[in-house]
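An overview of the molecular structure
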Amino acid sequence: MTVQNTRLGIWLMVATTFVFAIQDGISRHLAGEYNVLMVVMIRYWFFAAFVIAIAARQAGGVRAAAATKQPVLQAFRGMLLSLEICVMVGAFVLLGLVESHAVFACYPLLIAALSGPILGEKVGWRRWAAIAIGFVGVLIILQPGVRVFEIEALVPLAAALMFALYGLLTRYAARKDDAATSFFWTGTIGAVVMTVIGGWFWEPMSGPDWVWMAVLCVTGVAGHWLLIKVYEVAEASAVQPFAYLQLVFASALGLLVFGETLRTNVVIGGGLVVAAGLFTLWRARAKAS
């Protein structure tokens with residue numbers, strides 16, 4: 001059994017968010033040059049190989065990892081995450097890293113709001129108030145009625161909703177399957193789905209961009225490996241607040257590398273969303289203790 005080390009878990013989560021932010025920056029670059037579906041498809045091929053390699057090293061091998069009592073649910077989870085990644089990468093191209101991540105940061109609030117009807121969990125008035133404040137933050141970011149509303153701004157919001165649903169279904173699947181099984185289905189089904197869809201959109205890629213694609217695949221695997229290590233050494237409730245650092249790192253990349261701008265409404269709205277999300281995490285931890 002791995003010894004719990006919260007401090008190490010926090011540092012690993014910081015490293016995880018940094019790696020995922022780098023991955024988002026590379027995805028933004030490649031998706032700006034090539035079809036999003038093709039980029040995500042190649043990324044998933046590498047991810048599936050990683051998942052299978054991990055499963056093969058565990059007791060029972062691939063057969064044990066693939067064994068599930070709920071194949072339809074697991075397949076739907078894998079498909080949903082792969083499509084969510086496509087939507088989010090599309091948002092990076094349409095809106096940039098800063099605004100996309102500022103809106104996407106509301107996904108913990110969506111998980112809290114949907115945990116009642118989907119999982120039957122009780123959400124108290126304090127968390128409902130935090131959810132409402134968080135969505136005020138989203139409205140501040142989107143500014144409907146103040147400026148000409150950009151329909152593209154709904155893209156990262158759709159990605160957040162899809163990721164929240166994926167998270168809830170993962171928790172639901174955990175009632176019968178272990179984490180290794182869910183991880184295996186996530187990678188393999190995602191690769192199958194993206195191959196079926198993305199294969200139709202293949203485009204020739206330049207040599208330098210193949211290097212970036214290789215780095216994208218490596219960062220994807222490294223990020224997931226780090227995340228596995230995070231939850232091996234620390235409780236999720238202790239490290240989850242630090243996942244918001246991905247917003248900080250990705251925004252820094254957007255500003256420094258891609259020349260994006262940081263509008264005041266995005267800072268204010270993003271701050272409200274993060275604060276509300278941190279409060280819901282704290283309430284969930286308080287009620288669990």
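The structure displayed is predicted, hence computed values, not measured ones.

1. A few points about the confidence of the model for the chain
Taken as a whole, the chain shows an average pLDDT of 83; of its residues, 91% reach a score of 70 or greater. Mean pLDDT across the secondary structure elements of the chain bottoms out at helix H11 (residues 236-239), with 67, and peaks at helix H4 (residues 71-95), with 93.

2. Description of helix H8 (residues 154-173)
Taking 1.5 Å of rise per residue, the 20 residues of H8 would be expected to cover 28 Å, and the 28 Å separating its terminal C-alpha atoms lies within 8% of that figure. Every buried residue of H8 is listed here: Pro156, Ala159, Ala160, Met162, Ala164, Tyr166, Gly167, Leu168, Leu169 and Ala173.

3. Thoughts on the nonpolar core
Within soluble globular proteins, side chains that are nonpolar tend to cluster in buried spots. Within the largest apolar cluster, 74 residues are counted, with the highest numbers of intra-cluster contacts made by Val40, Tyr44 and Met213. Among the elements that make up this core, the one with the highest residue count is helix H2 (residues 36-57) (13 residues). Those residues in contact with Met213, other than ones at most four positions away along the chain, are Leu30, Val39, Ile42 and Met205. Ranked by size, the runner-up nonpolar core spans nine residues in total, among them Val19, Val230, Ala234 and Val239.

4. Some details on the packing of H4 against helix H9 (residues 179-198)
The interhelical angle for the contact between H4 and H9, taken along N-to-C directions, is 60°, at an axis separation of 7 Å. Accordingly, the angle class assigned to the pair H4 and H9 is oblique. Crossing geometry of H4 relative to H9 is assigned as right-handed. Between H4 and H9, the contacting residues are Pro71, Gln74, Ala75, Arg77, Gly78, Met79, Leu81, Ser82, Leu83 and Cys86 on the first element and Thr181, Ser182, Trp185, Thr186, Ile189, Gly190, Val193, Met194 and Ile197 on the second. Its residues placed into classes, the contact of H4 with H9 shows eleven nonpolar, seven polar and one charged.

5. Notes on the packing of H2 against helix H10 (residues 207-233)
Interaxial distance between H2 and H10 falls to 9 Å at its minimum, and their mutual angle equals 45°. In terms of axis orientation, H2 runs oblique to H10. At the point where H2 passes H10, the crossing takes the right-handed sense. Contacts between H2 and H10 involve Val39, Ile42, Arg43, Phe46, Phe47 and Phe50 from the former and Trp210, Met213, Leu216, Cys217, Val218, Val221, His224 and Trp225 from the latter. When grouped by side-chain class, the residues that make up the contact of H2 with H10 number twelve nonpolar, one polar and one charged.

Rules and cut-offs
Residues numbered from 1 in each chain as written. Predicted model: local features only at pLDDT ≥ 70, side-chain atom pairs only at ≥ 80, totals over all residues. Heavy atoms only, no water. pLDDT = per-residue confidence, 0-100. Helix = DSSP H or I, 4+ residues; strand = E, 2+ residues; numbered from the N terminus. Expected span 1.5 Å × (residues − 1). Buried < 20%, exposed > 50% of the residue type's maximum accessible area, 1.4 Å probe, protein only. Core = buried A, V, L, I, M, F, W, Y, C linked by side-chain atoms within 4.5 Å. Contact = heavy atoms within 4.5 Å. Axes fitted to C-alpha atoms, helices over the stretch in contact; angles between N-to-C directions. Parallel < 35°, antiparallel > 145°, perpendicular 65-115°, else oblique. Left-handed = near helix turned anticlockwise from the far one by under 90°. Nonpolar A, V, L, I, M, F, W, Y, C, P; charged D, E, K, R; others polar.

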